[in-house]
Amino acid sequence: MGSGSGGTYMNRVKAREASGVIVVGAGLIGLACAWELAGTGAKVTVVEREEPGCGATRVAAGMLAPIGELDFGEPELLELNLRSRRLYPDFVATLEAATGLDTGYRHTGALHVALDRDEAGELRRIMELQHSYGLDPKWLGPMAARELEAGISPSLAGAVLVEEDAVVDPRALTAALRAGLEDRGVRIVTGEVTGLVRDPAGKVTGTETTRGRFDADLVVAAPGAFAGIANWLPDEIRPPVRPVKGQTVELRGDVDEPVCERILGSERVYIAPRPDGRVILGATSEEMGFDTRVTGGGVHELLREAYRLLPDVAEMEFVGAIAGLRPGTPDNLPLIGPTAIEGLILATGHYRNGILLAPLTAKAVGELAVGGEPEWLLASSPARFEHQEAR
Ligand code: GLY
């Protein structure tokens, strides 16, 4: 893994003028990249085939929980996640100051609850893993946990408090980014990319789209779960991204008496609070191809498990349920970096961490676009999956 047998990706993007960038895809990743690039003075056009933020972004709960979501030993992913979480406060503060819009970012912390002895054993294992990475989650007995969150099930066996975790509202963040991009002169075009335009040396000079040709020095491909079937990406660099379906449920409660203060999680569900009293319950994880149907079974599972964890959800208004597609990769690491095609950067494959990794991805793409070589990005290099003939 790492930089892959294609050598380091460094030097594969040459320093270029900060102008003429096309970002393909207006999910949170594409929008955040466009925001960063436009902030450096680049002339940015975003091409999106549907409504911006209408894919996985719209469905996501917005947990910024690199520690709480750490289940297995994935040190490279953890490092990226922690880096990005550190960027979040500044990222949203800059955006909120520029637009006057609330992104729903709140540093709430998270409480992971074990509902029986078996779950307590598993939660202790995860906490030990977290400690082995130098992190500092705290074990709480049932009484201490219920002092923090009075509504959680009285029959809990223990809990882990992660004070660093935070939450953002991905839809509010999308709205703020759209407003910010407009201020920075970024055009969002509704259309589909049909091909890359390249010069005789193979360097990218633009894209063909259903809305005509757009010239550019640099193309940033952020097609999310569709990356693996994006035919406009040449075979040799098209990444092995697969869709992983997730369903979430939205419930509305009283803003003055929120059912919980922080992110709550159990083995089978998480509950992310919104500043206006709503909560998002998430999420199923299903290998179902491009199926985005909301199912009775999915909704039932989320409601049942949320009720076990926080019985007060039974009193909340059911707003709706939706499904989206996470862009999964074979090693669960994202694909952020240059490709073997000069002038083409990938920013996809964020799997369960797209919302969390948005500021880091944007920062990385901003640095790459001007010839930077961020060492910390090596683990996510697309070169690890490129076919031999691409090099
Ligand atoms: N990050 C949570 C999820 O993908 O379900």
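This report concerns the structure included in the present document. As the structure is a computational prediction, the values presented were derived from the model and not from experiment. (Residues numbered from 1 in each chain as written. Predicted model: local features only at pLDDT ≥ 70, side-chain atom pairs only at ≥ 80, totals over all residues. Heavy atoms only, no water.)

## A word on the overall build of the chain
- The helix and strand inventory of the chain stands at 8 helices and 19 strands.
- In terms of C-alpha radius of gyration, the chain reaches 21 Å, essentially the compact-globule figure of 21 Å for 391 residues.
- When its C-alpha atoms are laid out on the principal axes, the chain stretches across 70 × 40 × 40 Å.
- Here the chain holds 391 residues, and 58% of them are scored as buried. (Helix = DSSP H or I, 4+ residues; strand = E, 2+ residues; numbered from the N terminus. Rg over C-alpha atoms; globule rule 2.2 N^0.38 Å. Buried < 20%, exposed > 50% of the residue type's maximum accessible area, 1.4 Å probe, protein only.)

## Thoughts on the nonpolar core
- If you look at the biggest cluster of nonpolar residues, it comprises 50 residues, and the most contacted ones within it are L37, V44, Y88, L173, L177 and V220.
- Those elements that place two or more of their residues in this core are β1 (21–24), α1 (28–39), β2 (44–48), α3 (75–99), α6 (170–183), β12 (218–221), β19 (344–348) and α8 (358–369).
- Once residues lying within four places of it in the same chain are set aside, the contact partners of L37 are V21, V23, A42, V44, V220, V365, G366 and A369. (Core = buried A, V, L, I, M, F, W, Y, C linked by side-chain atoms within 4.5 Å. Contact = heavy atoms within 4.5 Å.)

## Regarding the packing of aromatic side chains
- In the structure shown here, the tally under the stated rule is 3 aromatic pairs.
- Taking the centre distance of 5.1 Å and the plane angle of 25° together, the rings of F226 and F290 count as stacked. On the criterion of sequence distance, the pair formed by F226 in the loop between β12 and β13 (242–252) and F290 in the loop between β16 (278–282) and α7 (296–309) is long-range, its members being 64 residues apart.
- Residue F226 is classed as partly exposed on the basis of its relative accessible area of 31%.
- Here the aromatic cluster, defined as three or more aromatic residues joined through ring pairs, consists of Y88, F91 and Y105.
- The cationic tip of R49 hangs over the ring face of F226; the distance from NZ or CZ to the ring centre is 4.3 Å. (Phe/Tyr/Trp six-rings, centres within 6.5 Å; stacked < 30°, edge-to-face > 60°. Lys NZ or Arg CZ within 6 Å of the ring centre and 35° of its normal.)

## Some thoughts on the pairing of strand β15 (residues 270–273)
- Side chains of β15 alternate between two faces, with Y270 and A272 and I271 and P273 buried alike.
- When strand β14 (residues 263–265) meets β15, the two strands line up antiparallel, connected through 2 bridges. Bridged to G265 within β15 is Y270.
- Between β14 and β15, which pair antiparallel and follow one another directly, the connecting turn spans 4 residues.
- Inspection of the sheet shows β15 paired to β16 by 4 bridges, in the antiparallel sense. Paired with A272 across the bridge in β16 is I280.
- Counted between consecutive antiparallel strands, the loop separating β15 from β16 contains 4 residues, among which G277 sits at a positive phi close to 95°. (Pairing = 2+ DSSP bridges.)

## Describing the site of the ligand
- In the vicinity of the ligand, the residues found are E69, Y270, A283, R326 and R352.
- R326 is positioned with one of its side-chain polar atoms (N or O) 2.7 Å from an oxygen atom of the ligand.
- Looking at the shell around the ligand, its residues break down into 2 nonpolar, no polar and 3 charged. (Near = heavy atom within 4 Å. Polar contact = N/O pair within 3.5 Å; in protein donor to acceptor, adjacent residues only side chain to side chain. Nonpolar A, V, L, I, M, F, W, Y, C, P; charged D, E, K, R; others polar.)

## Here's the deal with α1
- Under the 1.5 Å per step criterion, the end-to-end length of α1 is 16 Å for 12 residues, consistent within 8% with the ideal 16 Å.
- Burial analysis of α1 places 10 of its 12 residues in the buried class, the great majority of the element.
- Those residues of α1 that sit buried are L28, I29, G30, L31, A32, C33, A34, W35, L37 and A38.
- A positive phi of about 95° marks G41, the residue just after α1. (Expected span 1.5 Å × (residues − 1).)

## A look at the sheet that holds strand β10 (residues 204–209)
- Spatially, the 3 strands line up as an open sheet ordered β9-β10-β11, and their pairing is antiparallel. Sheet topology places β9 (193–198) and β11 (212–215) at the edges, where each strand pairs with a single neighbour. When strand polarity is set aside, the average angle formed by the axes of neighbouring strands in this sheet is 25°.
- Where β9 lies against β10, 5 bridges are found, and the strand directions are antiparallel. Residue pairing across strands places V193 opposite T209, the latter belonging to β10. (Axes fitted to C-alpha atoms, helices over the stretch in contact; angles between N-to-C directions.)

## Observations regarding the side chain of R238
- In this structure, R238 sits in the loop between β12 and β13.
- A polar side-chain atom of R238 sits 3.1 Å from the main-chain carbonyl oxygen of L233.
- In contact with R238, other than residues within four places in its own chain, are A227, G228, I229, A230, N231 and L233.

## Section: a nonpolar patch on the surface
- A cluster of nonpolar side chains, namely F226, I229 and F290, defines an oily patch on the protein surface of about 260 Å² accessible area.
- Inspection of the secondary structure assignment puts I229 in the loop between β12 and β13. (Patch = residues over 30% accessible without salt bridge, like charges linked within 9 Å, V, L, I, M, F, W, Y side chains within 5 Å. Areas by Shrake-Rupley, 256 points an atom, 1.4 Å probe, with all protein chains shown as cover. Salt bridge = Lys/Arg side-chain N within 4 Å of Asp/Glu carboxyl O.)

## Re the sheet that holds β1
- The sheet built from 6 strands is open, its strands ordered β8-β2-β1-β12-β19-β18 with mixed pairing. Where the open sheet ends on each side, the last strands, each with one partner, are β8 (187–190) and β18 (335–338). The mean inter-strand angle of the sheet, taken between neighbouring strand axes irrespective of direction, is 20°.
- Bridge analysis of β18 against β19 gives 4 bridges, and the strand direction is antiparallel. Bridge pairing in β19 links G337 to L346.
- Relative to β18, α8 is tilted by about 10°, and along the sheet it contacts β12, β18 and β19.

Interpretation note: all reported values are geometric properties and have no functional meaning in isolation.
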